[in-house]
Amino acid sequence: MRRILVLGSINIDDVYAVEHIVVAGETISSRSVSHNAGGKGANQAAALAKAGLDVCFAGKMGSDGKWVLDILSSMNVDTGYTIADDSFSTGHAIIQVDDKGQNSIILYAGGNKEFTESDIDNILGNFSENDILLLQNEINLIDYAIREASRKGLYICFNPSPFDSDIRELPLELVDCFFVNELEGAALAEWEAGSGKDICFHDLAMKLCTLYPESSFVLTAGADGAYYAESGKVFHASARECTVRDTTGAGDTFCGYFISARVLGYPIEKALEIANKAASITVSRDGAMESMPVSGEVF
Ligand code: RIB
């Protein structure tokens, strides 16, 4: 089976339960605080492992985050490629979750943005043609990682989240499969024809295919479900009704379960449904990687 490498962030998530997300100039009290394992890279590795795949995680962190790595290992992620270095701290996220389960996140990168080219060479040296590399936008040297992975013939998946303007400077034409939500998809396509409810996701998916004809796109669209687009063909799965407690990690769950379903041989529409189901379970529970379902709850 193809090996999967997640090269990405690992964070300590400090999660505050609030009645509403704080606004400029306001001071509010939280109902509770918890310290959870997180980071988009670590979360996506956890989702892949919980779905039953063999997955390796390569992150960069300080020793203060060892407990997060231990949680990831307990979920059967091979964390052996992660670099711990006490000259910096582990990345962290300050997360507010409101009464409707919506969140807002402030990131401090810490070790996540301390990768060197030689770190990436050493990590990629353990992987070869047709293995899968999964990246997000919370580490440095993504351009280098994409170029080197492409040179070695790895299949590159990229979740450009959180989205920023530097993303357009990356060698995006080398990405095999993008994972985007509605905002990231619209930003990537420089889409101006409507936003929010007014977006025609089918047209957006087609535009992404036109801009990056060699790539495929997995587009999550909230209440509109999820889309997959490749070579001008678009597939769709409807959203699932669910109770929302905490949306943190929902996108990471979707991404991990979609890749898992495809690696396990499920067709595209079924993989979209599986990923939707997994993400709907995550949002019904508190936390990020700890709230993700295991394979028996989904497949
Ligand atoms: O996608 C959710 C994650 O984003 C959180 O776990 C937080 O650490 C941020 O990276």
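None of these values were measured; they are calculated from a predicted model.

Enquirer: Describe the site of the ligand, and please don't skip the residues or the numbers.
Expert: Around the ligand, a shell composed of 14 residues is seen, among which Asp13, Gly39, Lys40, Glu138 and Asp252 lie nearest. The contact in question runs from an oxygen atom of the ligand to an N or O atom on the side chain of lysine 40, over 2.8 Å. Relative to its free-state accessible area of 280 Å², the ligand is covered by the protein chains to the extent of 96%. When residues of the shell around the ligand are traced back to their parent elements, those giving at least two are strand E2 (11-17), helix H1 (40-50) and strand E8 (103-108).

Enquirer: Provide a residue-level description of the nonpolar core, including the pertinent values.
Expert: The biggest cluster of nonpolar side chains holds 47 residues, and the ones touching the most others in it are Phe258 and Leu272. Examining the composition of this core, we find that 8 residues originate from one element, helix H8 (residues 268-283), more than from any other. Once residues lying within four places of it in the same chain are set aside, the contact partners of phenylalanine 258 are Phe179, Val218, Tyr228, Ile268, Ala271, Leu272 and Ala275. Counting residues in hydrophobic clusters, the runner-up holds 43 residues, among them Ala58, Ile123, Ala186 and Ala205.

Enquirer: Tell me what's going on with the packing of helix H7 (residues 250-263) against H8, and back it up with residues and numbers.
Expert: Their axes nearest at 8 Å, the elements H7 and H8 cross at an angle of 145 degrees. Relative to H8, H7 is oriented so that their crossing is right-handed. Contacts between H7 and H8 involve Ala250, Thr253, Phe254, Tyr257, Phe258, Ala261 and Arg262 from the former and Ile268, Ala271, Leu272, Ile274, Ala275, Asn276, Ala278, Ala279, Thr282 and Val283 from the latter. Looking at the contact of H7 with H8, its residues break down into 13 nonpolar, 3 polar and 1 charged.

Enquirer: Mind laying out the packing of aromatic side chains, listing which residues take part and the relevant values?
Expert: Scanning the entire structure with this criterion turns up 12 aromatic pairs. Where phenylalanine 179 meets phenylalanine 258, the ring centres are 5.9 Å apart and the plane angle is 70 degrees; that geometry is what we call edge-to-face. Residue phenylalanine 179 is located in strand E11 (residues 177-181), and its partner phenylalanine 258 is located in helix H7; the two are separated by 79 residues in the primary sequence. On the basis of relative accessibility, which here comes to 5%, the residue phenylalanine 179 falls in the buried class. For phenylalanine 258, a relative accessible area of 3% corresponds to the buried category. Measuring from ring centre to ring centre gives 6.3 Å for tyrosine 212 and phenylalanine 217, while their planes differ by 50 degrees; the resulting arrangement is tilted.

Conventions adopted
- Residues numbered from 1 in each chain as written.
- Predicted model: local features only at pLDDT ≥ 70, side-chain atom pairs only at ≥ 80, totals over all residues.
- Heavy atoms only, no water.
- Near = heavy atom within 4 Å.
- Polar contact = N/O pair within 3.5 Å; in protein donor to acceptor, adjacent residues only side chain to side chain.
- Areas by Shrake-Rupley, 256 points an atom, 1.4 Å probe, with all protein chains shown as cover.
- Helix = DSSP H or I, 4+ residues; strand = E, 2+ residues; numbered from the N terminus.
- Core = buried A, V, L, I, M, F, W, Y, C linked by side-chain atoms within 4.5 Å.
- Buried < 20%, exposed > 50% of the residue type's maximum accessible area, 1.4 Å probe, protein only.
- Contact = heavy atoms within 4.5 Å.
- Axes fitted to C-alpha atoms, helices over the stretch in contact; angles between N-to-C directions.
- Left-handed = near helix turned anticlockwise from the far one by under 90°.
- Nonpolar A, V, L, I, M, F, W, Y, C, P; charged D, E, K, R; others polar.
- Phe/Tyr/Trp six-rings, centres within 6.5 Å; stacked < 30°, edge-to-face > 60°.

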